[in-house]
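# Working through the structure, step by step
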Amino acid sequence: PFAGDADPTPSRWSAVFLRLRRRLRGALEELLVRLRGGGHTFTIVVAVVVGVLAGYGAIAFRALIAVTHRMFFATSEYSLDMLQAMPWWQRLTLPAIGGLAGGLIVTRLAPEVRGSGIPEVMEAVARRGGAIRVRVLVAKALAAALTIGSGGSAGREGPIVHIGSAIGSAVGQAVEASARRVRTLVACGAAAAIAATFNAPIAGALFSIEVVLGDFAVASLSPIVISSVVATVISRHHLGD
């Protein structure tokens, strides 16, 4: 520093940080206002964000299932030979332990995650404007991963639909979208999650349009397809074709 210059004090740095944060927040709010004014453009932009988040959410869910499977069976292998080599009491108790752990998460953290997940998403779209609590995302992922990873009689389709829909709902509520747009974003999340999990972009989009949303309007169709494609690109990049 030059002679006579005073060293910046912590309070001065705090003031600079606060000004930068306010400017950034103001710029983001202005951008959101402009995008909302664009109508369909706003929905498309947010649908891309939902597709990215749901794609990585699907990858994380698959990884979580692998972790819980290794935790229960001490191996990443899953085959009939592996199961036949295990003692009978392990084949009996391990799925029961996983089911009990998942049940505790459901009863203590978020009771609405019980069941496969698809009827719960349909109810949220039909009766609550697509509103799904954020804690559903964590509770469903943990409960389903424990159940599937421990050898429980369950699959990934219902849980991943619920997880992707919760991501879409959370994004829609974060940007203060209308109830109609939130419902569309819930369907975007469901389509993207299915596409990324099963490498099935067309099936994910059609399932979400027909079952979750029940609306074949072009305004709803295009963001759902875009979310599905974005999530598929992400999953193929990380998991292969």
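Residues numbered from 1 in each chain as written. Predicted model: local features only at pLDDT ≥ 70, side-chain atom pairs only at ≥ 80, totals over all residues. Heavy atoms only, no water.

Before going further, it helps to spend a moment on a nonpolar patch on the surface. On the surface, a nonpolar cluster with roughly 290 Å² of combined accessible area is contributed by Leu 221, Val 225, Val 229 and Val 233. With respect to the helices and strands, Val 229 occurs in helix 10 (residues 218-239). (Patch = residues over 30% accessible without salt bridge, like charges linked within 9 Å, V, L, I, M, F, W, Y side chains within 5 Å. Areas by Shrake-Rupley, 256 points an atom, 1.4 Å probe, with all protein chains shown as cover. Salt bridge = Lys/Arg side-chain N within 4 Å of Asp/Glu carboxyl O. Helix = DSSP H or I, 4+ residues; strand = E, 2+ residues; numbered from the N terminus.)

Turning our attention to the layout of surface pockets. One way to see where empty space is left: roll a probe the size of a water molecule over the atoms. For the largest pocket, the calculated volume is near 200 Å³. Taken together, 15 residues line the largest pocket, and the ones lying closest to its centre are Gly 115, Lys 140, Ala 144, Thr 147 and Pro 159. Secondary structure elements with two or more residues in the lining of the largest pocket: helix 4 (88-108), helix 6 (134-149) and helix 7 (157-174). Looking at which element gives the most residues to the lining of the largest pocket, the answer is helix 6, with five residues. (1 Å grid on protein atoms, 1.4 Å probe; cavity = no way out; pocket = protein on both sides within 12 Å on 5 of 7 lines; lining within 4 Å. Points joined across faces, edges and corners; volume = space filled by probe spheres on them.)

Now for a positive patch on the surface. Among the surface-exposed residues, Arg 19, Arg 21, Arg 22 and Arg 23 lie close enough to one another that they form a single positively charged patch. Its relative accessible area of 44% is what places Arg 19 among the partly exposed residues. (Lys, Arg positive; Asp, Glu negative; His and termini not counted. Charge placed at Lys NZ, Arg CZ, Asp CG, Glu CD. Buried < 20%, exposed > 50% of the residue type's maximum accessible area, 1.4 Å probe, protein only.)

For the pair helix 5 (residues 118-127) and helix 9 (residues 201-213), interaxial distance at closest approach is 9 Å and the crossing angle is 65°. Compared by their axis directions, helix 5 and helix 9 come out roughly perpendicular. In this structure, helix 5 contributes Ile 118, Val 121, Met 122 and Val 125 to the contact, and helix 9 contributes Phe 207, Val 211, Val 212 and Leu 213. Split by residue class, the contact of helix 5 with helix 9 holds eight nonpolar, no polar and no charged. (Axes fitted to C-alpha atoms, helices over the stretch in contact; angles between N-to-C directions. Parallel < 35°, antiparallel > 145°, perpendicular 65-115°, else oblique. Contact = heavy atoms within 4.5 Å. Nonpolar A, V, L, I, M, F, W, Y, C, P; charged D, E, K, R; others polar.)

Pairing is possible between side chains that carry opposite charge, provided their charged atoms lie close to one another. One pass over the full model with this rule turns up one salt bridge. A salt bridge links Glu 123 to Arg 127, with the shortest nitrogen-to-oxygen separation between them at 3.6 Å. Here Glu 123 pairs with Arg 127, and both are found in helix 5, just four residues apart, close to one helical turn.

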